[in-house]
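# What the coordinates show
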Amino acid sequence: METRRKKIGIMGGTFDPIHIGHLILGEKTYEQLGLDKILFMPAGNPPHKQNRIGRATDAQRVSMVEKAISGNPHFELSLTEMNDKGFTYTYHTLETLKEQNPDTDYYFIIGADSLYDFSSWREPARICKACTIVVAVRDHVPVEKLNEQMKYLSERYNGRFISLNTLNIDISSQLLRKWHQEGKSLRYYVPDAVADYIDKNHIYHITEGVGHNNV
């Protein structure tokens with residue numbers, strides 16, 4: 001009897017901060033594709049961009065992801081890209097995971113906007129070989145245009161691209177950082193535990209001439 005292959009989704013990003021849009025997208029991908037779990041994989045920062053003013057440190061971003069996903073049994077934190085160099089290309093991450101887990105099929109989740117930048121990514125053909133690309137639809141991108149781009153990329157890189165049927169939660173981490181700096185509430189845009197952590201550690205407050213190294 002053939003053993004069933006595992007199906008794991010990957011939600012990558014800086015998560016600075018993680019918000020409900022990320023969580024809803026992860027949950028809907030899990031549900032619609034019948035996955036075993038979703039890996040939330042914070043991206044490492046290049047050394048020259050670490051400890052940036054008004055941004056969270058690597059340790060803080062990891063803590064926020066942990067707090068955001070703690071109540072979901074099929075969400076899991078992955079530190080695969082949080083390495084000493086602080087930066088990993090997607091193709092390398094996926095190939096490493098495939099090598100370590102040959103019994104697993106990976107589903108890499110991206111936003112519709114990223115679909116149009118995909119050809120500029122490092123080794124797009126190797127990315128396609130290592131996973132299925134799951135595309136989250138955005139309201140401002142017509143479905144016909146999205147389908148055309150997925151077909152084009154699929155043929156160019158011999159890949160598999162599928163669109164996700166989910167609501168568009170148009171929230172950006174950049175906007176949330178700006179709101180927090182303006183003294184606006186992040187309640188209901190991020191989980192309560194994340195909002196409390198941001199307040200307690202004074203993340204995203206800009207002090208002139210001072211970087212933030214809170215861990």
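Residues numbered from 1 in each chain as written. Predicted model: local features only at pLDDT ≥ 70, side-chain atom pairs only at ≥ 80, totals over all residues. Heavy atoms only, no water.

- An unreviewed UniProt entry annotates the protein chain as Probable nicotinate-nucleotide adenylyltransferase originating from Blautia obeum.
- What the UniProt record of the protein chain gives under Catalytic activity (unreviewed entry) is the line "nicotinate beta-D-ribonucleotide + ATP + H(+) = deamido-NAD(+) + diphosphate".
- For the protein chain, the Sequence similarities (unreviewed entry) comment in UniProt is given as "Belongs to the NadD family." (UniProt positions renumbered as here; feature names shortened; annotations may be inferred.)

## Observations concerning the overall build of the protein chain
- Across its full length, the protein chain carries eight helices and six strands.
- In the protein chain, which comprises 215 residues, the proportion classed as buried is 45%.
- Taking the contacts inside the protein chain whose residues are at least 6 apart along the sequence as the reference set, 75% of them involve residues at least 24 apart.
- Accessible area for the protein chain stands at about 11700 Å²; split by element, carbon and sulfur atoms hold 49% of it. (Helix = DSSP H or I, 4+ residues; strand = E, 2+ residues; numbered from the N terminus. Buried < 20%, exposed > 50% of the residue type's maximum accessible area, 1.4 Å probe, protein only. Contact = heavy atoms within 4.5 Å. Areas by Shrake-Rupley, 256 points an atom, 1.4 Å probe, with all protein chains shown as cover.)

## With respect to the nonpolar core
- Core analysis: the largest hydrophobic core is formed by 31 residues, its most contacted members being Ile 18, Phe 40 and Met 64.
- Elements with a minimum of two residues in this core: helix H1 (20-33), strand S2 (37-42), helix H2 (58-69), strand S4 (104-111), strand S5 (132-136), strand S6 (161-164), helix H7 (173-181) and helix H8 (192-200).
- In contact with Met 64, other than residues within four places in its own chain, are Phe 15, Pro 17, Ile 18, Ala 56, Val 194, Tyr 197, Ile 198 and Tyr 204.
- In terms of nonpolar packing, the next biggest core, distinct from the first, is built from 25 residues, Leu 97, Ile 110, Ile 133 and Val 135 among them. (Core = buried A, V, L, I, M, F, W, Y, C linked by side-chain atoms within 4.5 Å.)

## Description of the packing of aromatic side chains
- A full pass over the atoms with the stated rule returns eight aromatic pairs.
- Taken together, a centroid distance of 6.2 Å and an interplanar angle of 20° make the contact between Tyr 89 and Tyr 91 stacked.
- Its relative accessible area of 32% is what places Tyr 89 among the partly exposed residues.
- Ring geometry for Phe 108 and Trp 121: centres 6.3 Å apart, planes at 90°, overall edge-to-face. With a gap of 13 residues between them, Phe 108 in strand S4 and Trp 121 in the loop between helix H4 (112-115) and helix H5 (124-130) connect regions that are remote in the sequence.
- Residue classification places Phe 108 among the buried residues on the basis of a relative accessible area of 10%. (Phe/Tyr/Trp six-rings, centres within 6.5 Å; stacked < 30°, edge-to-face > 60°.)

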